[in-house]
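# Topology and contacts: notes
Below, each chain spelled out in residue letters.
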Amino acid sequence: MEKEAPNLPVEVISYILHFLSMSDRKEASLVNRAWHAASLDQSLQKNVFYHLQGTYDSLEFIRSLGRRQTSCVALSNLDGSAASKMVIQSIAFHLAPHLKNLLLRDNSITERSFVALVPSCRNLWGLDTSSCNSLFVPGTLLSTEEIRARTAEALVDLRELNLSNLRYLSDLTFNRLSECTPKLQKLALAACPIAFEFDPYRGANTSNSTVSLTLNNILCFLDRQAVTLKCLNFSRTSITNEAVQSVVKVAGLNLEGLVLQHCKDLSDDAVCAICTCQPGLTTLDLTGCAELTDRSVTAMDSCVFSMGAILHESLRELDLTSCVYITDFSIYVITNYLKGLTALRLGWCKGITDSGLLGMNIANDNCQLAMKHEKPQIITESDMEPSKEKEGASLRALTCLKELRLTACTKLTDTSITREIRFQELKTLSLSMVHEITDESVVSIAVHCRSLEGLALNHCGQLTDQGMIAATSHMKRLTNLEISCCDKITNQALEVLMQECKWLRSLDVTMCNGLTIADIERLQLFHPRLTSIKAKYLGERTYVSDSLNETG
C-alpha cells in the first residue's frame, strides 16, 4: 500500500516555494488548499502588485487586502474626486502600515491626496510618481516644514524612487523629495527635461530653481548620496558625453545599474568613461543609442571589447538593442568575457550572423589581453587586429541566460539557432523578424529550452503547423506566444497549443492569413483562460451564419 503524502506545516511549504520560479509556484499553489495558503506568504509576494482603481468599487477590496497585509499596490484613475479621496483614506487606514511598494504613475493625484497617503506609509522601499505631472505643477509639494518632516520620517528607508516623465520637476521640488530619502539606492529620471549644458546658477553653490531641473543640482545630490546610490536611469533625455562623464566620475559613486535608453547624443567616449569609472556595473542598458559611434564600424567593436574586458566579472544584463554597428566580433567579446550574463538584448543588430553565434572566424588571442594588466584598460582597434581570424566561445557559453532577444537579426538561420540556443533556464526569447528560420529551429528551441515562458516569432513566415505542433508538447510553461504574420499557422496548431500549454494567457496572431475570425471566436469560447488575444487583420471568414442564409 502506498503511503499518503505527509501533511506539511504551511511554514515548511512556504520555505519550499522560495526555491521555485514564479511559474512553478503557480503550479504548486494548485496542489491543495494548504499549498495555496502557503503561496500567499508575504515573503513570496514581494513583486506581486495589486492594481486598484480610484473608485468606490475598490473600497471592499482594499479592506480585504489589509487583512492579508498586502505590501505592493499600484493605483490608477486617481484625481481630485470624492471617490479618489475616499480610496486614499481607505488605503492609508488599511494598507499603509504594510506597504513596501507604492505605484502612483500616470495619475492626476493632487498634492493634498499625496500628503494624506505617503506620510502614513512608514515602511516604504519603493515609490513611483512617474508621469504624475499634476502633483508637481504648483511647485509647492512638501513646501511646509511640518509636512516635509512627516514625509521624511516615513521615507527614511526608501530604496527606489521613480521620478520619470515629469515635465514640471524642478531643482527645488527634487531637493525637497531627495532630502527625505537618505538611503536611496535607485533613482529614475527618464524623460525628464533636464538642463545638462545650461547652468542657471553661473557657478554658484545654490540650487533652488523653481522652473528647471539641472545637471549641477543632480551632481550635488550624487555627491551627498554617493555611498548609497546603486542605479541611475537617464533614459530618453538629452544627456551628453560630458554629462555622463561627470556623473560616473562622482567620488565614492559605485553603480551597479545604469540605464541610458534612447539617449541619442551619446558616443563611444561616454561608454568608455562608464566602463572605466564604474567597473562594478551589473546592468548596462544602451537600447536605442544608435549613434554610439560617429567614427566607423570598427570604433564600436573596440568599445564593446573594452566593455567586456572591464566589466567581465560583474555585468549581468546587457542591452544593445538598435545599436546597428554591432558585428560578429562584438558577439565574440560578449561570449568570451561576459559569461555571467542573465539577459542579453541585441534586437535590430542586423550585422550579426551565424558565424558570430557559433564563435567561428573571430578573434581569440586577445581574450587574455586585458587580463594581463593589473588594472582594466581600454582596448584599441590595433590591439585586436592580430587575432580576428581565430575561433572563440559560442553563444552557448552564456550558460546563465534567462532572457535573449535577437529581434530582426535577419542574417541568422537554423544553422546557429538549432546549435546555440540551448539554455535550461531561458525564460524569454525573441526571434521575431528572423525570416530564415524554419520549423527546425522552433522544435530545437522547445526541446532544449524547457523553461520558456515567453516566445516571440512574429514575421517568421516559414513556420508551419507541423513545427508548432511538434514544439508545443515541450513548452509546458509557456504563458505568452507571439506569432503574428505567420501565414502558414492554422487553427489546427492553435488547438494543440491550447491543449498542451495549460498556462498560456497571451496570444498574438495578428495578420495570420491562415486563421479566420471564426477560429479566434471558437478559441475564446472553449479556452477562457486565454485572457489576451491580438487578432487583427486575419484571413477571410470561412463560414456564413444560418441567419444570413434565410431568405425573406
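The coordinates are above.
What this report covers is the structure whose coordinates are included nearby. Computed from a predicted structure; not experimentally measured.

Next up on the list: the overall build of the protein chain. Secondary structure summary: the protein chain contains 22 helices and 19 strands in total. A burial count over the protein chain gives 52% of its 552 residues as buried. Put simply, of all contacts in the protein chain between residues at least 6 apart along the chain, 80% involve residues at least 24 apart. Taken as a whole, the protein chain presents about 25500 Å² of accessible surface, with 51% of it coming from carbon and sulfur.

Where helix H20 (residues 491-500) meets helix H21 (residues 517-526), the closest approach of the two axes is 11 Å, and the angle between their N-to-C directions is 15 degrees. Taken together, the axes of H20 and H21 lie roughly parallel to each other. Here H20 runs over H21; the crossing is right-handed. Note on element contacts: H21 touches H20 through Asp519, Arg522 and Leu523, opposite Asn491, Leu494, Glu495 and Met498. Of the residues that constitute the contact of H20 with H21, the class distribution is three nonpolar, one polar and three charged.

Judged by nonpolar contacts, the single largest core of 145 residues is most densely connected at Leu189, Ile334 and Ile421. Those residues in contact with isoleucine 421 that lie beyond four places of it in its chain are Leu395, Leu404, Leu406, Ser416, Leu426, Leu429, Leu431, Ile445, His448 and Cys449. Counting six residues, the second-largest nonpolar core is a separate cluster that includes Leu17, Ala28, Trp35 and Leu44.

Our next topic: unusual backbone geometry. Even without glycine at this site, asparagine 77 takes up a positive phi of about 60 degrees. Relative to the assigned elements, asparagine 77 resides in the loop between strand E2 (72-76) and helix H5 (82-94). The class of asparagine 77 is partly exposed, set by a relative accessible area of 48%. We note that serine 131 has phi near 65 degrees; this positive angle belongs to a residue other than glycine. Here serine 131 falls in the buried class, since its relative accessible area comes to 17%.

Thresholds, definitions, all that
Residues numbered from 1 in each chain as written. Predicted model: local features only at pLDDT ≥ 70, side-chain atom pairs only at ≥ 80, totals over all residues. Heavy atoms only, no water. Helix = DSSP H or I, 4+ residues; strand = E, 2+ residues; numbered from the N terminus. Buried < 20%, exposed > 50% of the residue type's maximum accessible area, 1.4 Å probe, protein only. Contact = heavy atoms within 4.5 Å. Areas by Shrake-Rupley, 256 points an atom, 1.4 Å probe, with all protein chains shown as cover. Axes fitted to C-alpha atoms, helices over the stretch in contact; angles between N-to-C directions. Parallel < 35°, antiparallel > 145°, perpendicular 65-115°, else oblique. Left-handed = near helix turned anticlockwise from the far one by under 90°. Nonpolar A, V, L, I, M, F, W, Y, C, P; charged D, E, K, R; others polar. Core = buried A, V, L, I, M, F, W, Y, C linked by side-chain atoms within 4.5 Å.

No statement about biological role is implied by the geometric values presented.
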